[in-house]
Each structure stands twice: as C-alpha cells, then as structure tokens.
Amino acid sequence: MNKKKSALYFIPVILLLTVVPLIVRMYSFKSGLAQFDWSPASDETLDFFLYYKSLAITVIAAAMSIILAVRYFMKKKEFKFCYEMIPIIIYAALTFLSSIFSQYRYFSFHGAVEVFETVWVLLGYCVIAFYAYQLIDTFEDLDCIMKWMTVGVALMLVIGMLQVTGRDFYTSEFGKKLVTGGMADIDLAFEKGRVFLGMYNPNYVASYFALIIPMEIALLIQNKKWYFRILYAGMLVLSIICLLASGNRSAIAAFAVTILFILLLFNKRLIKAWKIVLPVTAVIAVVFGTYLKKDDFIIQKFVRLMHAEDRPEDPISEIVTGDNDVAITCNGQVFHAAYDITPEGYINMTIQDDAGTALNTTVDEATFTYAVQDERFPGFTVQAVNLNNEIAMGVFAGNVTWYFKKGDDGTYYYYNVYGRWDKINNAPRVWVNFLEKRFEERGTIWSKTIPLLKNCLIFGTGADTYTVVYPQDDYVDKTYDYSTSSMDVKPHCLYLQIAVQSGIPALLAVLVFYIWYFVTGVRLYAKASYQDGMEIIGAGLLLATFTYMVISFLNDSTVTVAPIFWIMMGLGIAVNEILKKKGAGQGR
C-alpha cells in the first residue's frame, strides 16, 4: 500500500478523533425561534461549543464522500460491503425524507440552537461509519487509528484535569481570546472543579468516557510493552477522575450494566487473566472511593434520579385559553373567567363555575379586584389590569397570578414570561407517576415526548426539529416546575430523539444496525483466544459502543461525541469481518 495515499486516507478520521472535539469558538447567529410566541422576541444568540463542530463534521463527511468516490471511480477500487450496512442506509434515507417533508425544514438544514445536528450532520454520521469500515484492512490500519485516538484522548484529559483543579483553559485569558477572537469577555465555566471538557454540557462527558474508558482498558491489555501499559493505566485513572468530576449520574448506571455484561461474557477469561484484572479493578475502585469520599455530589444526584422526593399535586392542573373565556381547573373543579369592554369603556367581569352558575364575589372598587367567595376556589381573585397599555385580566389562582387578554380574534391569550401573548397548551403526558417520580426533569420531558410519537409512524418531524415540536407552551406545568424561562431542546434520550425527528422506522433501523453488530461481536468474542491484538481491540470496541448505547437511554446524540461513536461502529464492523475471515471465535 502506498504510504502517502494511506496517510491521506486516514486524515479525516484523525481530525474527527483529535481536532473536532477541541473546537470551541464563539458564533453569533439568529436562532429563528422568534416566530414562536413561547420564545424570546429577540433572535440574536451565541453558540460556543456546537456550531463549528457541526460545520467541521459536515465538511469532513463531504471530504470522505469525495475520497470514496475518487477511490471507486478513478482508482477502480471496489468498496467493501456487508449486509450490516443496509439498516444504516435505510436510516439515512428516512432521516433525509423526514427533513425534506418537515414543517420546520429550516431547522433541519440550518440547525437549531443548542444542538446543531442538521440533516447534513446526521447523514455525515452514516458516511463516517461507512468510511471507517472501508479504512480497516489490517491490524496496522487499526493500530494507526488507535494511536491517534490516544492522542485525542490525551489532549482532552489535559483540558479535563485543568478543569478539575479549577484552572479551566477556556476561561483563562488566552482561552477567552481564542474562543471569542478577543471580542468579548464571557464566562463559559460551570462551577469550579466541574469537568465539561469542550463538550458544552457535563452530561456529554459521560457519553465521551463511555466510549473511551473501555478502549483504554483494551489498549492497556493489548500493548505488552511496559511504557504503553503505564501510559494507558495513567490515562484510565485520569479519565475516571474527569468522569467523576463531571458529576454525571448516568455514567454510573451505564458502567454498572457494562460490568454485568462483561461478567456474563468473559467470566472464565477474567479468572484466567486475574493478574491484569485485579490491579485494574483495584485502581478503579481506589479512584472511585477516594473521589466519592471527598465529594458525594454524584451519588446524591444518582439517588435523586432513581427516587425523587414526593411533592404535592399542583393546585392548578389545567388552564384553557378558550374562545369565550379562560377555564382554570383547580382540584377537579373548573373556574371560568371572562371580560367585556362596553362602548363607554367600562369593564364587565363574568366569573362562574363549570355549570355556568355565577360565583359569589366581593369587589374592591379601588383596584377593580373581584375576590371569589367559594370554597372550591380558595383565594381566587380576578382583577382588571392595564398591561403594556392593553386591557387585560389578572387571575390569582393556585398561588400564582396569571394574566390573560382577549385577542383581536376574540379569543383569550396568556401573557408569558417573555412578555408575549400565547395560547396555553396543556400537553398530554404519559406514565407521570412512574417517570416524574424517578427520573426528575428527564421523566417530565419523556412523559411529554412519548405522545409526539403518534405523528412519527413513518417519517419524523425532521432533523434538529425537536425544540419546535416539543410543547414549550405548556405554561401551567412549567410554572409549577419553576422552568418558565427555560426551553427543552432535546429529550435526554437518543432513542426518543431519533424516533421523533427521523421516525419510528428510522429508530428501528438504527437498533437493527447496532443489534446485528452486537450479536456478531458477542459470538466472536465469547470464544476468542485473545492472542491476537485485533481480537482485544475488537472486544474493546464492542464494550465501548455497548456502554454508549446504554448511557444513551439518558443522553442524546450530540456533535461533540457522536462522530467518535460512529467511527467505532465502522471500525467494529470491519474488525468483526476480518476476524470472521481469519476463523477467530471458533474456540481455537
């Protein structure tokens, strides 16, 4: 093989493993969300961690496509192909069609705030997996990628350990100038000592190390030279420290599942390899124990994840901004309020129950306030107010003051935290007692996301459209969750993310893609002799991607980590194919 050509062929993957995760740069743009009344009226916003990574992934994936085309048409080199790639082709097609037919295709093709996983990025992931699959023909090819992956991880660990010690590179004077071009002085940091690397959110640190830690262990075992073992042992310790310092609870759950899987798959081999297993286990246990003894933040979060504290039912369960009035449901009873303005400029209030019976009230003429005298609606008051030079109605109910006005169409609107008038959406929710009692904010998001799936039976809503299809206008629930000014831009679950945006068939295609690879890998590595370095790394790839898929029940896909996962998937399929051809996994 021509070494120069081989080096050029490796460059795109090397960039994804080493350079792209480090990209942090300020980008000023219009979010496109101002068209929705549940969003701030201003479109101007900033991004630091995602846009330029998204752009880099798109460009690199395009370059990969060109390289593959040149190899095929000009160099007359046939593609390797296996049936395992068919599901991912189906996923790519469904994702593209979902975006083409999307009501919000602008976001699919341009990206959404805090995500930037455009249709081009999602298709790029598929290209990356196929390219990585084409890349590996020999152990030397695989070893080259592993060495560059090691470089990329080492760079991330430097940033991570600086953050652990409270000396975050991105908030240093040089780092700020690099990130903003010297145009702004801003604080990107989470609390001191919290690790977020260049991942935008500590949650994605868990996804990153879900992929990296199993590979570090595999490389520690595969490399026989003492200095490599010291290197990977040191990186493993630092990786665990950075993972714990991210404060991410999903990592505990994911690695616990992976450990159980390892015990089932490799129990006999673990006993035989006790000289390596015991020291590695001891090091991991010491690091975990030392850190958690010093700071139990992650344990506290894990306990809250699995068992949230009970809280009283919200006093107001629903508000309907209707055609003729505002209907407020309190403890199962419905309260109605409406107003009219007479030609003379007087305001007439109508206050009644669900049967249409007028409720007893006392009136404070000085403040135009009607106090409801009915035990079904304790403390309720209705007041005529002047809000931004408009006549409106303020209703105090459920310990909250809600403002409404009659719009130009004669129906009622709610005045939200952004100073905009909008209809209240009482979003359907499922499994509330189970999800929201045990999974905190994630459970609330999931319970509102699952009902969206009824519209995703063939195609989804389009790439990067989750923000605009999620019920951001569920103002009653957001008020009692103290999240009126927040937007949920992702479902905190990869599988829901794919199902909503690309469609349920696309999710099934991704699951078939992974399960096919997983089953093939289990059959190979359960019987492998592990005398071959490729077998060890192949097992590492299987465990890395498995841990990522487990943690993805609690985390989304993101441009900061997903390219590494798709590279590993391509490498894993290629390695499995090579090993099968060599007769590995036949109990030799």
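Our structure is the block above this text.
Residues numbered from 1 in each chain as written. Predicted model: local features only at pLDDT ≥ 70, side-chain atom pairs only at ≥ 80, totals over all residues. Heavy atoms only, no water.

## Remarks on the overall build of the protein chain
Move 1: For the protein chain, the helix and strand inventory stands at 20 helices and 13 strands.
Move 2: With the C-alpha coordinates aligned to their principal axes, the bounding extent of the protein chain is approximately 90 × 55 × 50 Å.
Move 3: Per-residue burial over the protein chain gives 54% buried out of 588 residues.
Move 4: Long-range pairs, those at least 24 residues apart, make up 70% of the contacts in the protein chain between residues at least 6 apart in sequence.
Move 5: Within the structure as shown, the protein chain displays about 26900 Å² of accessible surface, and the carbon and sulfur contribution to it stands at 62%.
Move 6: Taken together, the 50 basic and 52 acidic charged side chains of the protein chain have centroids lying 19 Å from each other. (Helix = DSSP H or I, 4+ residues; strand = E, 2+ residues; numbered from the N terminus. Buried < 20%, exposed > 50% of the residue type's maximum accessible area, 1.4 Å probe, protein only. Contact = heavy atoms within 4.5 Å. Areas by Shrake-Rupley, 256 points an atom, 1.4 Å probe, with all protein chains shown as cover. Lys, Arg positive; Asp, Glu negative; His and termini not counted. Charge placed at Lys NZ, Arg CZ, Asp CG, Glu CD.)

## Considering the side chain of glutamine 497
Move 1: Positionally, glutamine 497 belongs in helix 17 (residues 494–502).
Move 2: Overall, the relative accessible area of 5% leaves glutamine 497 in the buried class.

## Details of the pairing of strand 9 (residues 381–387)
Move 1: Sheet topology note: the strand 8 (residues 369–372)/strand 9 ladder contains 3 bridges and is antiparallel. Residue pairing across strands places tyrosine 370 opposite valine 382, the latter belonging to strand 9.
Move 2: Taken together, the 7 bridges between strand 9 and strand 10 (residues 390–397) define a ladder with antiparallel strand orientation. Paired with glutamine 383 across the strands is glycine 394, a residue of strand 10.
Move 3: Connecting strand 9 to the next strand, strand 10, in antiparallel fashion are 2 residues, including asparagine 388 with a positive phi near 55°. (Pairing = 2+ DSSP bridges.)

## Topic: helix 17
Move 1: Of all the 9 residues making up helix 17, 9 are buried; the element is thus mostly covered by neighbouring parts of the structure.
Move 2: Restricting attention to buried positions, one finds in helix 17 the residues Leu494, Tyr495, Leu496, Gln497, Ile498, Ala499, Val500, Gln501 and Ser502.
Move 3: The first or second residue beyond helix 17 is glycine 503, which carries a positive phi of 105°.

## A few points about the environment of isoleucine 252
Move 1: By the element assignment, isoleucine 252 lies in helix 10 (residues 250–272).
Move 2: Judged by relative accessible area, isoleucine 252 falls into the partly exposed class, the value being 23%.
Move 3: Through-space distance from the C-alpha of isoleucine 252 to that of alanine 206 is 9.1 Å; in sequence the pair is 46 residues apart.

## Looking at the packing of aromatic side chains
Move 1: Scanning the entire structure with this criterion turns up 44 aromatic pairs.
Move 2: Ring geometry for phenylalanine 101 versus phenylalanine 459: centroids 5.6 Å apart, planes at 45°, classification tilted. Of this pair, phenylalanine 101 sits in the loop between helix 3 (86–100) and helix 4 (105–110) while phenylalanine 459 sits in the loop between helix 14 (440–449) and helix 15 (466–469), placing them 358 residues apart in sequence.
Move 3: Since its relative accessible area comes to 56%, phenylalanine 101 is described here as exposed.
Move 4: Ring plane angle 90° and centroid distance 5.5 Å describe the contact between tyrosine 106 and phenylalanine 107, whose orientation is recorded as edge-to-face. (Phe/Tyr/Trp six-rings, centres within 6.5 Å; stacked < 30°, edge-to-face > 60°.)

## Brief notes about helix 7 (residues 173–180)
Move 1: Three or more residues of helix 7 are buried, namely Gly175, Lys176, Val179 and Thr180. The buried residues of helix 7 occupy an angular sector of 110° when the element is viewed end-on, so they sit on one face. Exposed side chains of helix 7 directed beyond 90 degrees from the buried face belong to Glu173, Phe174 and Lys177. (Arc of directions from axis to C-beta.)

## Here we look at the pattern of salt bridges
Move 1: The final tally for this structure, using the stated rule, is 12 salt bridges.
Move 2: Of the charged contacts, one joins lysine 30 and glutamate 44 as a salt bridge, the two residues approaching to 2.7 Å between their closest N and O atoms. With a gap of 14 residues between them, lysine 30 in strand 1 (residues 27–30) and glutamate 44 in strand 2 (residues 44–47) connect regions that are remote in the sequence.
Move 3: The partner of arginine 420 in a salt bridge is aspartate 37, with the nearest N and O atoms 3.3 Å apart. Linking arginine 420 in the loop between strand 12 (412–415) and strand 13 (421–422) with aspartate 37 in the loop between strand 1 and strand 2, this pair joins segments that are 383 residues apart in sequence.
Move 4: Since its relative accessible area comes to 30%, aspartate 37 is described here as partly exposed.
Move 5: Residues joined by salt bridges that share partners form a network here, namely Arg429, Lys448, Asp474 and Asp477. (Salt bridge = Lys/Arg side-chain N within 4 Å of Asp/Glu carboxyl O.)

## With respect to a nonpolar patch on the surface
Move 1: On the surface, Phe81, Tyr83, Ile86, Ile89, Ile90, Val512 and Trp516 cluster together to form a nonpolar patch covering roughly 700 Å² of accessible area.
Move 2: Among the elements of the structure, helix 3 and helix 18 (504–525) are those that each provide at least two residues to the nonpolar patch.
Move 3: Looking at the nonpolar patch, the element that brings in the most residues is helix 3, giving 3 residues.
Move 4: Along the chain, the position of tyrosine 83 falls in the loop between helix 2 (51–73) and helix 3.
Move 5: The exposure class assigned to tyrosine 83 is exposed, which follows from its relative accessible area of 62%. (Patch = residues over 30% accessible without salt bridge, like charges linked within 9 Å, V, L, I, M, F, W, Y side chains within 5 Å.)

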